[in-house]
Structures are given as C-alpha cells and as structure tokens.
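Secondary and tertiary structure notes
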Amino acid sequence: MGRVSGKPTGIFITLEGGEGSGKTTQARRLCERLTAQSLDVLHTREPGGTLLAERLRSILLDHSVETIAPETEAYLIFAARRQHVDHVIKPALARGMTVVCDRFSDSTMAYQGYGRGLDLRALRTMNDWATGKLAPQLTLLFDVPVSIGLGRRRGRAATENRLDRETERFHRKVRAGFHALARREPRRIMVIDSARPLESVAQAVEALVMNWLKTYRIPTSKRR
Ligand SMILES: Nc1ncnc2c1ncn2[C@@H]1O[C@H](COP(=O)(O)OP(=O)(O)OP(=O)(O)O)[C@@H](O)[C@H]1O
Ligand SMILES: [Mg+2]
C-alpha cells in the first residue's frame, strides 16, 4: 500500500481479550492469512515490541519483584507503549505495513481500569499521551468465559506470571470491562466468541477481517 495525500495508509489491527482467550494463536494465523493477501505484515505485541518495552514486560510479568501499585503498573505499561508506538508501530504504518498487535490500549482500560479500579478518564488521558492518539482501525475482541481461558493457560503449562496469581473475580471484572469497551465502540471492536474450537474461531476471524478489509479499502480508493 502506498500513501494517500501524504498520510500513512498502513492498517492497524489489535487483538484483545482475557488470559488464554486465543489472541496469540489467532494473531499468528491472521498474519499468515494477510501475508497471503500480499499485505506487508508486522506481528507485534504489548507490553513489548522494542528492547526497552520487552524489559518492562519482564518486570510487569515477574511476580518475584516487590508489590507493584496499580498506578506504577499503569505507568510502566504507558512507558512501554510510547516506545513501541514511536519505534515500531508508527514507522511501520508510515511504510504502509499492516500492523497486527497482540494487546494494546483496550487491555489497559480493561485490566488497569475495570480490573484494578483505576480512574478510566485518567487512564484515557494518559493513554492518549502515550500513543499520541494513535488508535487501531480494527480490534478483534476474543471473548471466552474466565474459567475456560484460565484452564487453557494452565493446560499449556505456561510459566506462571503475575497475572495468573489474580483471582477469578479480577478476571471477571476484566472481561466485563472488555464488554463495556465493545459497547462503547461497536464499529471498531468486533467481539468473537472464542469458546469454540480453534479452527472455528480462525474461520470467524478470517471471514470478519476479509469482509472488513473490503469495506475499509473502498473509501481509500475513492479518495484517490
Ligand atoms: N479455541 C480454542 N480452543 C481450545 N484451545 C485453544 C483455543 N484457542 C487457543 N487455545 C489454546 O489455549 C492456549 C492459550 O492460547 P493463546 O496463547 O493463543 O491465548 P492468549 O489469549 O494469547 O493467552 P495469554 O493471555 O496468556 O497471552 C494455547 O495452548 C492454545 O493452543
Ligand atoms: Mg498471548
């Protein structure tokens, strides 16, 4: 993809949802599918995506460090996001790439806002500051009951991280938070029932994204 009137024309897609909802699995599949469509794809994740941001990620997921206040956690996430946006996401979009990001701003609203109880308006303001108001054009929200998602993570025998030590109640608040975000922005955030088998989720993602790409590209070509 090229540029339209000097503006970057890359597409920014984020994948969101609770623990074990299938984000990483489906991100990989989606990237393969988009690459097959001749799109130049960048697959990245949050927190992370740059050297500094990945270091902050390790701290955030490490349960052996001292107790982390919710506010500290939010600041670290925003610090990582700024690095990621400046060094990776914006340059890729400026080159016309399709950026697929595993978690982004909605996770902060869901976890730090709805989950930890930090003020949503303050978080939005700080997030705008961290992103320079860069927002995804499309967000896929992988929705799965908390017990299923946590069960999948345990099944994977992944190394336990700080968030795994949270209560089910916390994860239920996060899930309700994601639902609230989706109600607020129904055009951007598409909810995908992720309790289904992996293949059927992948098919739903493919149908949704391919359809979205068609409608997304029409206004772009009209401007030319
Ligand atoms: N629809 C599905 N049905 C059954 N198992 C699934 C499904 N989707 C993913 N899994 C499995 O569940 C585990 C978690 O999936 P995945 O890592 O993709 O989730 P995630 O949302 O990225 O989790 P995390 O929040 O831990 O990053 C993996 O072992 C994966 O193979
Ligand atoms: Mg993951």
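Before reading on, note that the structure itself is shown above.
Now for a look at the structure at hand. None of these values were measured; they are calculated from a predicted model. (Residues numbered from 1 in each chain as written. Chains lettered and ligands numbered in written order. Predicted model: local features only at pLDDT ≥ 70, side-chain atom pairs only at ≥ 80, totals over all residues. Heavy atoms only, no water.)

**Some remarks on the environment of histidine 179**
Position of histidine 179 among the secondary structure elements: in helix α7 (residues 168-184). Taking relative accessible area as the criterion, histidine 179 reaches 25% and is therefore assigned partly exposed. Along the backbone, histidine 179 and leucine 141 are 38 residues apart, and their C-alpha atoms lie at a distance of 8.8 Å. At a separation of 2.9 Å, a polar atom in the side chain of histidine 179 contacts the side chain of aspartate 143. (Helix = DSSP H or I, 4+ residues; strand = E, 2+ residues; numbered from the N terminus. Buried < 20%, exposed > 50% of the residue type's maximum accessible area, 1.4 Å probe, protein only. Polar contact = N/O pair within 3.5 Å; in protein donor to acceptor, adjacent residues only side chain to side chain.)

**Regarding the sheet that holds strand β2 (residues 41-45)**
Pairing in this open sheet of 5 strands is parallel, and the strands run β2-β3-β1-β4-β5 from one edge to the other. Edge positions in the sheet fall to β2 and β5 (189-193), since each of these pairs with one other strand and no more. For this sheet, the mean angle separating the axes of adjacent strands, direction not counted, is 20°. Bridging between strand β4 (residues 138-143) and β5 involves 5 bridges; their strand directions are parallel. Considered in β5, the bridge of phenylalanine 142 is made with isoleucine 192. In the packing of helix α4 (residues 105-115) onto the sheet, the strands contacted are β1 (11-17), β4 and β5, and the crossing angle to β1 comes to about 25°. (Pairing = 2+ DSSP bridges. Axes fitted to C-alpha atoms, helices over the stretch in contact; angles between N-to-C directions. Contact = heavy atoms within 4.5 Å.)

**Details of the nonpolar core**
Formed by 19 residues in total, the largest nonpolar core has its most connected members in Leu30, Leu34, Leu140, Val205, Val209 and Leu213. Counting only elements with at least two residues in this core, the list comes to β1, α1 (23-36), β4 and α8 (198-223). Leucine 213 has contacts with Ile11, Leu34 and Leu39, leaving out every residue within four places of it along the chain. Counting residues in hydrophobic clusters, the runner-up holds 16 residues, among them Ala110, Leu118, Leu141 and Leu181. (Core = buried A, V, L, I, M, F, W, Y, C linked by side-chain atoms within 4.5 Å.)

**What about the side chain of aspartate 143?**
Mapped onto the secondary structure, aspartate 143 falls in strand β4. The residues touching aspartate 143, leaving out its near neighbours within four places in the chain, are Arg175, His179, Val191, Ile192, Asp193, Ser194 and Ala195.

**Some points on the layout of surface pockets**
The space that makes up the largest pocket amounts to roughly 1,000 Å³. If you go around the largest pocket, you meet 38 residues; those closest to its centre are Lys23, Thr24, Arg103, Arg153 and Arg156. The dominant element in the lining of the largest pocket, judged by the number of residues it contributes, is α1, at 5 residues. For the lining of the largest pocket, a count of residues per class yields 11 nonpolar, 12 polar and 15 charged. (1 Å grid on protein atoms, 1.4 Å probe; cavity = no way out; pocket = protein on both sides within 12 Å on 5 of 7 lines; lining within 4 Å. Points joined across faces, edges and corners; volume = space filled by probe spheres on them. Nonpolar A, V, L, I, M, F, W, Y, C, P; charged D, E, K, R; others polar.)

**Topic: the site of ligand 1**
Taken together, 17 residues sit near ligand 1, with Lys23, Thr24, Thr25, Arg153 and Arg156 positioned nearest. Measuring from an oxygen atom of ligand 1, one finds a backbone N or O atom of glycine 22 at 2.9 Å. At 3.2 Å, a backbone N or O of leucine 198 approaches a nitrogen atom of ligand 1. When each cavity is represented as a set of grid points, ligand 1 is found to reside in the largest pocket. Mapped onto the shell around ligand 1, the elements with two or more residues apiece are α1, α6 (146-155) and α8. In terms of residues, the shell around ligand 1 owes the most to one element, α1, which gives 3 residues. (Near = heavy atom within 4 Å. Sits in = over half its atoms within 2 Å of the grid points.)

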